[in-house]
Amino acid sequence: MRTGKAAVYEAPNTPFVIKEYPVRPAKPGEVLVRVKMSTICRSDIHSYEGRRPNPCPGILGHEIIGTIVEIGAGVSKDMRGDSLQAGDRITWSECFHNGECYYREVHDMPQKCHGLRKYGHDLVAEDPHFLGGFGEYCYILPGTWILKLPDELSDEEATPINCGIASMASVTEAAEIGLSDTVVIQGLGLLGLYGCAMAKARGAKLVVGLDAVADRLAIAKKFGADHAFDIGRAKPAEVVSAVRALCKPDGADAVIEVCGVPDVIPQALEMLRIGGRYVLGGLVNPEANVTIDANMLVRKWITVRGIHNYHPRHLIQALEFVLAYRGRFPFKQIVDSKFALGELDVAFKRAAERSVLRAAIVP
Ligand SMILES: [Zn+2]
């Protein structure tokens, strides 16, 4: 029987262990892929550092692309109807759910089905073993949305599509960014950089990026940010007044949170104009407590929305956005380092300390 290697996450904050598991044929409804590239998402780091529960021993990683090895009975097309064959390079949704779902049928929220599963969140000891990004193979299970990748996209451009970029398609849609809007993005990691670019693509007149990492402020300008402020150096009140001065006449139309730090919430409320929209997408860990003056929500007519996961349409939008704008924004530069499976510890260290933008694993 064929076998494959995986970098196993045995417990938080302990080194990954390379192990070998059997690779069985794809069952009906499944697709077996050889992983081409996986990138380390911030949520992998949260799991690795023990801030959110994740089954272990397991295989982390959900931002993945792969080449089809074998297609199980009953699968012949991707989510847009393009035929799938062995050898095709594909991306697929980080979440999957097979079966009936109240949220999908009634509220058109398939991304929040009860019992929803995610790649990179299963026990490796159980069949089919390979359900994460940091291994040589991955099984795509029934209920997953699959999308064939066009040859013109590089692996670096394609890998973040199914988590970071699709999530930002969802977040920027919820922020209702329109022509001539002024938009503030709190956090300039991968999500924030794509947020800047998408805000511009959706018609924003002015995009302001906020972060405390100097390198990110510089790169944000290449991704559509007109201004980038170092919030590590300035006091919150100074940042608020600088942003308000740029967003004439009375503050930003929309603010987007993708930094994962609850302390930035009060500043967003102050930056917004009356009737402004605030969308939060980065606070994925529990206990994100913060004190706000809720009177501001009332007097300023502020709309606050939380966004978690994405709808299947956002996966298609993410791919089409990258294809349409890869000439205008340097998406390739975001995946700025590559590591082998055996170097996963180093890759996680670099990603956690933010010395790389998006670390890629090429198993
Ligand atoms: Zn992710």
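Just so it is clear, the structure is predicted and the values come from calculations on it, not from any experiment. (Residues numbered from 1 in each chain as written. Predicted model: local features only at pLDDT ≥ 70, side-chain atom pairs only at ≥ 80, totals over all residues. Heavy atoms only, no water.)

**Student:** Lay out the coordination of the zinc ion with the relevant residues and their values.
**Tutor:** Around the zinc ion, the protein contributes the donor atoms Cys-41 (SG), His-62 (NE2) and Cys-163 (SG), which lie 2.0 to 2.2 Å from the metal centre. In the primary sequence, the donor residues of the zinc ion line up as C-x20-H-x100-C. Of this pair, Cys-41 sits in the loop between β3 (31-39) and α1 (42-48) while His-62 sits in the loop between α1 and β4 (63-71), and the two are 21 residues apart along the sequence. (Donors = N, O, S within 2.8 Å, 3.2 Å for Na, K, Ca; no water. Helix = DSSP H or I, 4+ residues; strand = E, 2+ residues; numbered from the N terminus.)

**Student:** Residue-level account of the packing of aromatic side chains, with values.
**Tutor:** By the definition in use, this model includes 16 aromatic pairs. Aromatic pair Phe-96 and Tyr-119: ring centres 4.7 Å apart, planes at 40°, arrangement tilted. Note that Phe-96 is positioned in strand β6 (residues 95-96) and Tyr-119 in the loop between β7 (117-118) and β8 (137-140), a separation of 23 residues in sequence. Taken as a pair, Phe-96 and Tyr-119 share a single burial class, namely buried. Members of the aromatic cluster, connected to one another through ring pairs, are Tyr-194, Phe-223, Phe-321, Tyr-325, Phe-329 and Phe-331. Taking the ring centre of Tyr-139 as reference, the NZ or CZ of Arg-24 above it sits at 4.8 Å. It is Arg-34 that lies over the ring of Tyr-137; its NZ or CZ is 5.4 Å from the centre. (Phe/Tyr/Trp six-rings, centres within 6.5 Å; stacked < 30°, edge-to-face > 60°. Buried < 20%, exposed > 50% of the residue type's maximum accessible area, 1.4 Å probe, protein only. Lys NZ or Arg CZ within 6 Å of the ring centre and 35° of its normal.)

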